[in-house]
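Analysis of the macromolecular model
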Amino acid sequence: MDLKSILERVSGITSNSKEVKKNYLFFAIKGTTYDGHDFVEEAVQREAYGVVVERPVRASVPVIVVEDTRKALGLSAHHFFGKPSEKLKVVGVTGTNGKTTTTHLIEAILNTAGKEAGLVGTIYYRFKDKVLGEGRTTPDPILWHKTLKEFLNLGAKYAVAEVSSHALDQLRVYPTKFRAVVFTNLSQDHLDYHGTMENYYESKKRLFTEYESDLKIINVDDPYGRRLASEVRGKVITYGREGDLRILSFETTFGGSKIEVEYKGKRYAFETNLIGEFQAYNLAAAIAFALEEELEQEAIKEALRKVRVPGRFEVVYSKEFLVVVDYAHTPDAIDNVLKTARRLTKGRLISVFGAGGNRDREKRPLMGRAGEKWSDVLIITSDNPRYEEPEEIIKDILKGIEDKGKVIVEPDRRKAIEVALKMAKKGDLVAILGKGHETYQEVKGVKYPFNDAEVVKEILGGDGCIGES
C-alpha cells in the first residue's frame, strides 16, 4: 500500500508520538536530540493507523519504509491539507537579517492593494487582524501546510512567510510552490547548527534551487547574494545600489525614511515610518516584488507610510532622551542598528544587549566588537541564557571588546535597562537590543514574562513612552 492511498484512510498525521490518536499516521523523524524510530511502539500503543519509517521496524500496524521521512512528512502534509500552496501565491523570504520587516512590508502592500495576504513569521501567524498562533520563524511541516489551508479558508490570495535556514535544512516547507522567493543577506549566525558559513549559505540556497518559484528576488549588494544570483536559474530580479531595482537615494530620521529607486527605466519615490539605514534594503526587496507584481503605486505608498513592525528599531520613549528597542541579535544586525542610532543621536549612545545561550558562541565576541564600535557606553547583560550561565555568555561577549572602560556588566536584564535609563541625559539614545518583540526571557527551560518595551514603561512610569495616553 502506498503512502498516498493511506492518507485517504487516516484522521491525522504527526511526528510526535505523544500527539498520536486513533487512526493517525506517525512519522519517525530522526532529529538532533531524539530519533522518532525509538517511539514507534508508543505510537502503536496509542492506536496509530500506521507508521512511516526510514528503516524496517516490527509493528502490529502497517509499516511504510521511505528513504527520507522528513520529505515524506512534508509531502503528506501537502496532500492531507489539500495542496494549499498550489492555490495560494506564496512568497518566501530568507536571509540572516531583515526577514521579519520584509515580510511585514510585502504583507502590508498586498493587503492595501486588496490582495488579501496571510503572514507566517517570527512574531505571529496572522491573517489581517486574526492571529492564528504565536510565531516561530518557520513552523513544522504539518503546521505550515495547515496554516496555509487556514489562510485559504479565511479568503487569502497570498501567504508571505519567513523561511529560516533550519526550516530549509529540515524540509519544513517541502514541497511548497512559491510565487516568489527573496534573499535579504547572509552574515554569521546559527553556526552552532550549520557548522560553517558555507553550510549556512547552502541551506539558504535550497529555497532558490530545490523549490519551484516564478520569481527570485536577490540583494546583490550582499556578497552571498551576488554569488546566489550567479548560481540560480529562472527569472531573477536583483536589488541594491547596482541591481535591476536600483537604490538611488535613502534618507532616515526619527520621523521616518525616504527612498528613491529606479526600475525598468522609471524612477519611484516612497516614504515610510520605518527608521534606519538598513531599512533601505528591506524596502527595496518589497518594492521590487510589488512592482513586478504590477500592484498600484498608490497602494505601495500608503502601505509603506503606515506599516508597523513590532520590535524593529521601535522608539518606545521620546522625551528628554530616546529609547529604541530592536531584535538585533547577530553581529551584522547590531552593527547596522547601532550605526543608525549613532548617526541619529545628538548625545551619547548607550547600548544594552546580551547573547542567547546554547547558540552560536563564535558570534558573541563579534557582537561585543560591533557594540563597542558605535557605543559610548556598553551595558552587557542577559538575553535568553537558556541552560547556560549568564556570566559565561557575558565573558564571551567581553572577549571582543578592547576598551573595557566603556563597559558595565549587569547580568540581570531588568537592572541593566534600569542602569541605562538612569544614566541617560538630554540628547542621549538608549538602544536595547536582542529581544525586540519577545515577551519572555528563557532561563533553565522556563519562559518568564519579560518585554523590553514594557520594562522601559514601568521604570519611566509611562511619561514620554510611545503609546501612553
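Note that the coordinates shown come from a computational prediction; the quantities given were computed from them, not determined experimentally.

Of the two faces of strand β19 (residues 377-380), the one carrying Val377 and Ile379 and the one carrying Leu378 and Ile380 are both buried. Of the crossover connections in this fold, the one passing from strand β18 (residues 349-353) over helix α13 (residues 363-374) to the parallel β19 is right-handed. Pairing of β19 with strand β20 (residues 407-409), which is carried by 3 bridges, proceeds in the parallel orientation. Of the residues in β20, the one forming a bridge with Ile380 is Val409. For the handedness criterion, the β-α-β arrangement of β19, helix α14 (residues 390-398) and β20 is classed as right-handed.

Attention now goes to the packing of helix α3 (residues 69-80) against helix α5 (residues 141-153). Any two packed helices are characterised by the angle at which their axes cross and by the distance between the axes. Interhelical geometry of α3 versus α5 gives an angle of 20° and a closest axis separation of 9 Å. One element, α3, and the other, α5, form an angle in the roughly parallel class. When you trace α3 past α5, the crossing you get is right-handed. Together, Leu73, Gly74, Ala77 and His78 of α3 and Pro141, Ile142 and His145 of α5 make up the contact between the two elements. Split by residue class, the contact of α3 with α5 holds 4 nonpolar, 3 polar and no charged.

Enumeration over the complete set of coordinates arrives at 37 salt bridges. Linking Arg267 and Glu260 is a salt bridge whose minimum nitrogen-to-oxygen distance equals 3.5 Å. A relative accessible area of 56% places Arg267 in the exposed class. What makes Glu260 partly exposed here is its relative accessible area of 25%. Ionic pairing is found between Asp396 and Arg361, a salt bridge with its closest N-O pair at 3.0 Å. Separated by 35 residues along the polypeptide, Asp396 in helix α14 and Arg361 in the loop between β18 and α13 bring together distant segments of the chain. A residue is classified by how much of its surface remains accessible, and Asp396, at 5% relative accessible area, is buried. Connected via shared salt-bridge partners are Glu198, Glu202, Lys205, Arg227 and Glu231.

Okay, the sheet that holds strand β4 (residues 63-65) next. Read from one edge of the open sheet, 4 strands run β1-β2-β3-β4, paired in parallel fashion. A single partner strand is all that each edge strand has here, and the edge strands are β1 (12-14) and β4. Each neighbouring strand pair of the sheet contributes to a mean axis angle of 20°, computed without reference to strand direction. Here strand β3 (residues 50-53) runs beside β4; their pairing, made up of 3 bridges, is parallel. Paired with Val51 across the two strands is Val63, which belongs to β4.

Another point: the sheet that holds strand β7 (residues 124-127). One open sheet holds the 11 strands; their spatial order is β8-β7-β6-β9-β5-β10-β11-β12-β13-β14-β15, and the pairing between them is mixed. Because the sheet does not close on itself, it has two edges, and the strands there are β8 (130-134) and β15 (266-272). Neighbour-to-neighbour, the strand axes of the sheet open up by a mean angle of 15°, direction not taken into account. Inspection of the sheet shows strand β12 (residues 236-240) paired to strand β13 (residues 245-253) by 2 bridges, in the parallel sense. Looking at β13, one finds that Gly240 is bridged to Arg246.

On to the environment of Pro449, then. Its location among the elements puts Pro449 in strand β23 (residues 446-449). The sequence separation of Pro449 and Thr101 amounts to 348 residues, and the corresponding C-alpha distance is 24 Å. Beyond its immediate stretch of four places on either side in the chain, Pro449 contacts Thr439 and Tyr440.

Looking at where Asn185 falls in the secondary structure, it is placed in the loop between β10 (178-183) and α7 (191-194). Here the alpha-carbon distance between Asn185 and Ala117, two residues 68 residues apart in the chain, equals 24 Å. When sequence neighbours within four positions are dropped, the list of residues in contact with Asn185 reads Gly95, Thr96, Asn97, Asn219 and Asp222. At 2.9 Å, the side chain of Asn185 and the backbone nitrogen of Asn97 are in polar contact.

We now examine the nonpolar core. General note: in soluble globular proteins, nonpolar side chains tend to be found buried as a group. Of all hydrophobic cores here, the largest spans 44 residues; its most connected members are Leu245 and Ile287. For this core, the leading source of residues is helix α10 (residues 279-292), giving 10 residues. In this structure Leu245 touches Thr238, Tyr239, Gly240, Val261, Glu262, Tyr263, Ala284, Ile287, Ala288 and Leu291, once residues within four positions along its chain are discounted.

Our focus in this paragraph is the side chain of Ser375. Relative to the assigned elements, Ser375 resides in the loop between α13 and β19. For Ser375, the side chain forms a polar contact with the side chain of Ser351, separated by 2.5 Å.

About the criteria used
Residues numbered from 1 in each chain as written. Predicted model: local features only at pLDDT ≥ 70, side-chain atom pairs only at ≥ 80, totals over all residues. Heavy atoms only, no water. Buried < 20%, exposed > 50% of the residue type's maximum accessible area, 1.4 Å probe, protein only. Helix = DSSP H or I, 4+ residues; strand = E, 2+ residues; numbered from the N terminus. Right-handed = clockwise from strand over helix to strand, strands pointing away. Pairing = 2+ DSSP bridges. Axes fitted to C-alpha atoms, helices over the stretch in contact; angles between N-to-C directions. Parallel < 35°, antiparallel > 145°, perpendicular 65-115°, else oblique. Left-handed = near helix turned anticlockwise from the far one by under 90°. Contact = heavy atoms within 4.5 Å. Nonpolar A, V, L, I, M, F, W, Y, C, P; charged D, E, K, R; others polar. Salt bridge = Lys/Arg side-chain N within 4 Å of Asp/Glu carboxyl O. Polar contact = N/O pair within 3.5 Å; in protein donor to acceptor, adjacent residues only side chain to side chain. Core = buried A, V, L, I, M, F, W, Y, C linked by side-chain atoms within 4.5 Å.

Spatial relationships are all this shows, so hold off on functional conclusions.
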